[in-house]
Amino acid sequence: MPELPEVEHCARQLRRWLEGHIIERAEADPTRLLRGKTTPRSFAKALSGRTVVNVQRRGKHLLLQLDDDRCLLAHLGMSGKWVRRSAADPAPRSSRARLFLSDSSVLHDVDPRMFGVLMIVPKDKLAKLPELRDLGPDPLTDRVDADVLRAVFGTSRSPIKVLLMDSSVIAGLGNIQATEALFRARIHPARPASSLTQEELTRLAKGITASIRHTLAAQGPDEEIVYLSERRGASNPFLAYGRAREPCPRCKTPLLSVTLGGRTTVYCPRCQPLSPPLPHRERGSGGEASGGQATRSAPRRARG
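Positions within a chain are numbered from 1, following the residues in the order the chain's sequence is written. Local features in a predicted model are, by the rule used here, given only for residues with pLDDT of at least 70; side-chain atom pairs are given and counted only at 80 or more, and totals for whole chains, interfaces and linings are based on all residues. Computation of side-chain values: all heavy atoms of the structure, hydrogens and water removed.

*Asks:* Hey, could you run me through the overall build of the chain in this one?
*Replies:* In this description a helix means any DSSP run of H or I spanning at least four residues, a strand means any run of E spanning at least two, and both kinds are numbered starting from the N terminus. Looking only at helices and strands, the chain features nine helices and ten strands. Throughout, exposure labels follow a simple rule: accessible area from a 1.4 Å probe, protein chains only, divided by the maximum for the residue type, with under 20% read as buried, over 50% as exposed, and the rest as partly exposed. Here the chain holds 304 residues, and the buried ones make up 49% of them. Put simply, of all contacts in the chain between residues at least 6 apart along the chain, 66% involve residues at least 24 apart. For the chain, the accessible area works out to roughly 14,600 Å², and carbon and sulfur atoms hold 50% of it. Residues count as neighbours in contact if any of their non-hydrogen atoms are within 4.5 Å of one another. Note on areas: these come from Shrake-Rupley sampling with a 1.4 Å probe, and a residue is covered only by the protein chains present in the view.

So this is what it looks like as structure tokens:
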């Protein structure tokens, strides 16, 4: 499923391909991707002959601003992507909508599972759309630091992993990015959000940004989005995600997994203890042993 880095990669593609270009003709198949009052006919009418002024990204949503009072809102769903082909090439499999450009190229909205969204929206209605109105701060376009995280987490006792995947808390993060950010920050995914210290929140904010930038870099020079499931023969680019039972890249302890919010997350029981460490003044001479005991008990508590 695309998360913020994949959607950002797609937004950058669309800016190169579309901004300042005229859509000579547009067409959409009659599928469930068309939402609201959008139909194949209204899709074609709204886009044909229009110039794309700019392409924006809000969380996992793409907004193609036209040179009138409307825009195309697009969501990639679970497996969607925009691809560019020559007008002379056959349409790729699972092409659900097409934008024919003045440079003789065609942009295809390819969506095998059809969980995406295509919707023509008047610009003055965008702010009222629940999908956009209820989004939390965006890690790439907004300032997301320890203070922002403290404010959006509030006094919630929910597991930090579950909150990170809530788009109304932080926009655009999903299972992969939340797993990776918590691993980088050395925070157990089941920790109550309100239990995090200011130092841990600072590490988490940095971990979120680092994970997103790492994933963007892993997309490489290819123009089309490449999902993890499509990386045939390629190595897993992530530090923890998808690596349960493998040795931790930091301490070599076998990574474990736990289900939170219906999603599996991988963590290191040593680097990411469930119980926060005791303050230094309370550890005494046995501080290291106490820390080790808390670490060993974390997997049993997480499983329960």
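*Asks:* What should I look at first to understand the packing of aromatic side chains in this one?
*Replies:* Each aromatic ring pair is specified by the distance between its two centres and by the angle formed by the two planes. Stacked, edge-to-face and tilted labels apply to pairs of Phe, Tyr and Trp rings (six-membered ring for Trp) whose centres lie within 6.5 Å, assigned for plane angles under 30 degrees, over 60, and everything in between, in that order. Across all of its chains, the model carries one aromatic pair by this definition. Geometrically, the ring pair formed by phenylalanine 238 and tyrosine 241 is edge-to-face, given 5.9 Å between the ring centres and 85° between the ring planes. Residue phenylalanine 238 is classed as buried on the basis of its relative accessible area of 6%. In this analysis the charged atom, NZ for Lys or CZ for Arg, is taken to sit over a ring once it is within 6 Å of the ring centre and within 35 degrees of the ring normal. The residue whose ring lies beneath arginine 250 is phenylalanine 183, and the NZ or CZ to ring-centre distance is 4.0 Å.

*Asks:* Is there a simple way to explain the packing of helix H6 (residues 175–185) against helix H7 (residues 198–218) in this structure?
*Replies:* For any two helices packed against each other, one specifies the crossing angle of their axes together with the interaxial distance. Only the stretch in contact is used when fitting a helix axis, every axis being a line fitted to C-alpha atoms; angles between N-to-C directions are given from 0 to 180 degrees. At a minimum axis separation of 8 Å, H6 and H7 run at an interaxial angle of 125°. Put simply, H6 runs oblique to H7. Taken as a pair, H6 and H7 cross one another with a handedness that is right-handed. Along the contact surface, H6 presents Gln177, Glu180, Ala181, Leu182, Arg184 and Ala185, while H7 presents Arg203, Leu204, Gly207, Ile208, Ala210, Ser211, Ile212, His214 and Thr215. Residue classes in the contact of H6 with H7 are distributed as seven nonpolar, five polar and three charged. Small angles under 35 degrees read as roughly parallel and large ones over 145 as roughly antiparallel, with 65 to 115 read as roughly perpendicular and the rest as oblique. Here is the rule for handedness: rotate from the far helix to the near one, and if that takes an anticlockwise turn smaller than a right angle the crossing is left-handed, while a clockwise turn gives right-handed. Basically, the charged four are Asp, Glu, Lys and Arg, the nonpolar ten are Ala, Val, Leu, Ile, Met, Phe, Trp, Tyr, Cys and Pro, and anything else, Gly included, counts as polar.

*Asks:* Is there a simple way to think about the sheet that holds strand S1 (residues 23–28) in this case?
*Replies:* Paired through backbone hydrogen bonds, the strands of a sheet run either parallel or antiparallel to each other. Two strands pair under a simple rule: DSSP has to find at least two bridges between them. With antiparallel pairing, the four strands of this open sheet are ordered in space as S1-S6-S7-S5. Each edge of the sheet is formed by a strand with only one pairing partner; in this case those strands are S1 and strand S5 (81–86). Taken pair by pair, the neighbouring strands of this sheet meet at an average axis angle of 20°, ignoring direction. Sheet topology places S1 next to strand S6 (residues 95–101); five bridges connect them, and they run antiparallel. Among the inter-strand pairings, glutamate 27 is bridged to a residue of S6, identified as arginine 98. Against the sheet, helix H2 (residues 40–47) touches S1 and S6, its axis set at about 170° to S1.

*Asks:* Looking at this model, I keep getting lost on the pattern of salt bridges. Mind explaining?
*Replies:* By convention in these notes, a salt bridge is any Lys or Arg side-chain nitrogen within 4 Å of a carboxyl oxygen on Asp or Glu. Per the stated rule, a full pass over the model turns up 16 salt bridges. Here glutamate 224 makes a salt bridge to arginine 85, at a shortest N to O gap of 2.6 Å. Here the residue glutamate 224 occupies a position in the loop between H7 and strand S9 (256–260), and arginine 85 occupies one in strand S5, the gap between them amounting to 139 residues. Judged by relative accessible area, glutamate 224 falls into the partly exposed class, the value being 25%. Overall, arginine 85 belongs to the partly exposed group, its relative accessible area being 27%.

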